[in-house]
Amino acid sequence: MAIPSLINQPQRTPSLTFSFLLFLAICTPLDAAHTDFAGSACLKVSPSHFAGSVTEVIAAIRQLASILSRFGSPLANFRLSTAIADCLDLLDLSSDVLSWALSASQNPKGKHNSTGNLSSDLRTWLSAALAHPETCMEGFEGTNSIVKGLVSAGIGQVVSLVEQLLAQVLPAQDQFDAASSKGQFPSWIKPKERKLLQAIAVTPDVTVALDGSGNYAKIMDAVLAAPDYSMKRFVILVKKGVYVENVEIKKKKWNIMILGQGMDATVISGNRSVVDGWTTFRSATFAVSGRGFIARDISFQNTAGPEKHQAVALRSDSDLSVFFRCGIFGYQDSLYTHTMRQFFRDCTISGTVDYIFGDATAVFQNCFLRVKKGLPNQKNTITAHGRKDPNEPTGFSFQFCNITADSDLIPSVGTAQTYLGRPWKSYSRTVFMQSYMSEVIGAEGWLEWNGNFALDTLYYAEYMNTGAGAGVANRVKWPGYHALNDSSQASNFTVSQFIEGNLWLPSTGVTFTAGLTV
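Given the structure is predicted, the values throughout are model-derived calculations rather than measurements.

Undergrad: Before we move on, could you go through the overall build of the protein chain and cite the residues and values that matter?
TA: Looking only at helices and strands, the protein chain features 10 helices and 24 strands. Looking at the protein chain as a whole, 61% of its 518 residues are labelled buried. Counting only contacts in the protein chain whose residues sit at least 6 apart along the sequence, the fraction spanning at least 24 positions is 72%. For the protein chain, the computed accessible surface area is about 19,600 Å², with 54% contributed by carbon and sulfur atoms.

Here it is, written out as structure tokens:
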């Protein structure tokens, strides 16, 4: 299936026929004997040219990190110190994902391959490499220092180079016929591991308990005990209780599963906020970067409150991550889906302003979105997607979800204004389909960010929603807004097509709907 014009994808080849034939020639495996050739590149340039470009960007990132590291010692200004620490971590993440892209394009059977759809993998990783330096600069907002100026020039160079890389990768037009791939597993998951992941009862490797009955009393201690770069699932059972700690699963911790004893029983709680000097990135109660992460039957909360503004409960940079029956509770910026491909199923997410935000490619299925009462005269926005470049495959897709006011907002419904989203970056992309919207959603549906910014370049869409707030007759009239009637357009934002879910979700054991029907 060709990517429709709604994706804002500029034509960069002489003809559609030539482009399609080129895609088939270098992106579609003909048989097992040809997989090395097929996986070598889905590119508009030669693999050697692509590799050279990636190597150039990695060198630029490392040079910038070297300069920044000179300011790495703790400074009197806590906020500036935090911004610098963020930048070093983010640049390191960018360097890592670019190394994945380089490795996967040259060695399709390597462990860095993810879904088997090389085009999707490359575009996902390059989008993350683009988002990370942007987040680095955002951390310096409100600071005045020579460091900010030094970083700005280097970040601009890195962003420009990564944008050029993104433009070299062809879109995954056929998605490798994902609909026929249901039940398959990524090649790097072993048969024994598949059986473990599909089992209803999961045996933990370690247990965390507040009462001393487990291996650890703190979740972070259990995370540190997990092996680095593990290709085998490492299961951490967290017994019921409220764990007041900030947990970070670093990039080396692959395939960790956090298993609670119920969304209402096991809670990880923190209260960091921007008002208290943290960057938005570092305010997260729970943060995960290691790929292949799974959370099940657990909640993440930030209790800073609406007056503390940006205060993240959960941040994820984990590629192919799953959140199943999880609670994500906060006010402004509750859920930071920062980068990569993510899937949320049967989750409850609450907040006020931009409470689901970031530049990930994320699908939310059967989730409850609860809008809370914020500050006086504050407008509530459920989403703020951060897609900056039209070549990024990123966006938010909500399917079979339920949108209502939380208990504290119910008395104010009708006077408090609530919107489905607003455009954080130029190519912000968000779709709500087959979901229930209560009267908490106003007639206009969507809110501008600042005047006419991004109104003609964003992509916002609604398809077959129900409820008092779902009517589209009085929705915004922006060029980038679409009331969809065509199922073929809506299907581009389903699990099978938007995040290639058929290629990797079966290995997680989570329930999912691949298309538009259950």
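Undergrad: Which residues make up the packing of helix α3 (residues 47-69) against helix α4 (residues 78-106), and what values do they have?
TA: Packing of α3 against α4 brings their axes to within 10 Å, and their N-to-C directions diverge by 160°. Judged by the inter-axis angle, α3 sits roughly antiparallel to α4. Regarding α3 and α4, the two cross each other, and that crossing is left-handed. Across the interface between the two elements, F50, A51, V54, T55, V57, I58, I61, R62, L64, A65, L68 and S69 from α3 touch I84, C87, L88, L91, S94, S95, L98, S99, A101, L102, S105 and Q106 from α4. Residues that form the contact of α3 with α4 fall into these classes: 16 nonpolar, seven polar and one charged.

Undergrad: Run through unusual backbone geometry, naming residues and quoting values.
TA: For N255, which is not glycine, the phi dihedral falls at a positive 55°. Mapping N255 onto the fold places it in the loop between β4 (247-249) and β5 (256-259). Its identity as a non-glycine residue notwithstanding, D297 has a phi of 60°, on the positive side. Relative accessible area serves as the criterion here: at 13%, D297 is assigned to the buried category.

Undergrad: With reference to specific residues and values, describe helix α5 (residues 118-138).
TA: Helix length check: α5 (21 residues) gives 30 Å between terminal C-alpha atoms against 30 Å at 1.5 Å per residue, within 8%. Burial within α5 is extensive, with 20 of its 21 residues counted as buried.

Undergrad: Describe in detail the packing of aromatic side chains, supporting the description with residues and values.
TA: Applying the stated criterion across every chain, the model contains 21 aromatic pairs. Taking 4.5 Å as the distance between ring centres and 10° as the angle between the ring planes, the aromatic pair formed by F364 and F398 counts as stacked. One end of the pair, F364, is in strand β15 (residues 361-365); the other, F398, is in strand β18 (residues 395-399), with 34 residues separating them in the sequence. Taken individually, F364 and F398 each receive the classification buried, so the pair is uniform in this respect. It is R315 that lies over the ring of F281; its NZ or CZ is 3.6 Å from the centre.

Undergrad: Could you give me a rundown of the sheet that holds strand β20 (residues 418-421), with the residues and numbers involved?
TA: The strand order across the open sheet formed by seven strands is β4-β7-β9-β11-β14-β17-β20, and the pairing between neighbours is parallel. Edge positions in the open sheet fall to β4 and β20, since each of these has one partner strand only. Between one strand and the next, the sheet's axes are offset by a mean angle of 10°, whatever the strand orientation. Here strand β11 (residues 335-337) runs beside strand β14 (residues 353-358); their pairing, made up of two bridges, is parallel.

Undergrad: Any details on the UniProt feature "active site" (unreviewed entry) in the protein chain? Residues and values, ideally.
TA: Under the local residue numbering, the UniProt record ascribes the feature "active site" (unreviewed entry) to D354. Considering the arrangement of structural elements, one finds D354 in strand β14. Sequence-distant contacts of D354, defined by excluding residues within four places in its chain, comprise D333, T381, I382, T383, A384, R422 and W449.

Undergrad: Could you give an account of the pairing of β18, with specific residues and numbers?
TA: Where burial is concerned, most of β18 is hidden: five out of the five residues are buried. What you see with β18 is no split at all: G395, S397 and Q399 on one side and F396 and F398 on the other are buried throughout. One ladder, built from five bridges, connects β15 with β18; its direction is parallel. Residue pairing in the sheet places F364 in a bridge with F398 of β18.

Undergrad: Tell me what's going on with the pattern of salt bridges, and back it up with residues and numbers.
TA: For the coordinates displayed, the defined rule picks out 23 salt bridges. The salt bridge involving K372 is made with D408; its shortest N-O contact spans 3.5 Å. One end of the pair, K372, is in the loop between β16 (368-371) and β17 (380-385); the other, D408, is in the loop between β19 (402-405) and β20, and 36 residues separate them in sequence. Bridged by salt links that share partners, the residues D86, D89, E248, K250 and R282 form one connected network.

Undergrad: Can you tell me about the state of the cysteines, naming the residues and giving the values?
TA: By definition, a disulfide links two cysteine residues through a covalent bond between their sulfur atoms. Under the criterion given, the structure shown has one disulfide. Put simply, C87 and C136 are joined by a disulfide, and their sulfur atoms are 1.7 Å apart. With the S-S dihedral at roughly 85°, the linkage between C87 and C136 falls on the right-handed side. Within this pair, whereas C87 is found in helix α4, its partner C136 is found in helix α5, the two being separated by 49 residues in sequence. With respect to class, C87 is no different from C136; both count as buried. Lacking any disulfide linkage, C347 is separated from the closest cysteine sulfur, that of C367, by 4.6 Å. Owing to a relative accessible area of 0%, C347 belongs among the buried residues under this scheme. With no disulfide of its own, C401 lies 4.8 Å from the sulfur of C367, the closest cysteine sulfur.

Undergrad: Give a description of the environment of G156 that names residues and reports values.
TA: The topology assignment puts G156 in helix α6 (residues 146-166). Separated by 23 residues in the primary sequence, G156 and P133 have C-alpha atoms spaced 8.6 Å apart.

Undergrad: Lay out the pairing of β16 in plain terms, naming residues and giving numbers.
TA: Walk down a regular strand and you will see the side chains alternate between the two sheet faces. As paired strands, strand β13 (residues 348-351) and β16 are joined by four bridges and run parallel to one another. Each residue of the ladder has a partner; that of T348, found in β16, is F368. In this structure, β16 lies alongside β19, joined through four bridges in parallel fashion. From the neighbouring strand, R370 faces β19, where its bridge partner is T404.

Undergrad: Tell me what's going on with α6, and back it up with residues and numbers.
TA: Counting along an α-helix, one turn takes 3.6 residues, and residues three or four places apart therefore face a common direction. Its 21 residues give α6 an end-to-end C-alpha distance of 31 Å, which sits within 8% of 30 Å, the value for a rise of 1.5 Å per residue. At its buried positions, α6 is contacted by α3, α4 and α5.

Undergrad: Account for the confidence of the model for the protein chain, with residues named and values stated.
TA: Counting all residues, the mean pLDDT for the protein chain is 87, and 84% of those residues have values of 70 or more. Note that pLDDT drops below 50 for residues 28-40; the model gives that stretch 21 contacts with residues more than four away or on any other chain.

Reading the values: the criteria
Residues numbered from 1 in each chain as written. Predicted model: local features only at pLDDT ≥ 70, side-chain atom pairs only at ≥ 80, totals over all residues. Heavy atoms only, no water. Helix = DSSP H or I, 4+ residues; strand = E, 2+ residues; numbered from the N terminus. Buried < 20%, exposed > 50% of the residue type's maximum accessible area, 1.4 Å probe, protein only. Contact = heavy atoms within 4.5 Å. Areas by Shrake-Rupley, 256 points an atom, 1.4 Å probe, with all protein chains shown as cover. Axes fitted to C-alpha atoms, helices over the stretch in contact; angles between N-to-C directions. Parallel < 35°, antiparallel > 145°, perpendicular 65-115°, else oblique. Left-handed = near helix turned anticlockwise from the far one by under 90°. Nonpolar A, V, L, I, M, F, W, Y, C, P; charged D, E, K, R; others polar. Expected span 1.5 Å × (residues − 1). Phe/Tyr/Trp six-rings, centres within 6.5 Å; stacked < 30°, edge-to-face > 60°. Lys NZ or Arg CZ within 6 Å of the ring centre and 35° of its normal. Pairing = 2+ DSSP bridges. UniProt positions renumbered as here; feature names shortened; annotations may be inferred. Salt bridge = Lys/Arg side-chain N within 4 Å of Asp/Glu carboxyl O. Disulfide = S-S within 2.5 Å. pLDDT = per-residue confidence, 0-100.

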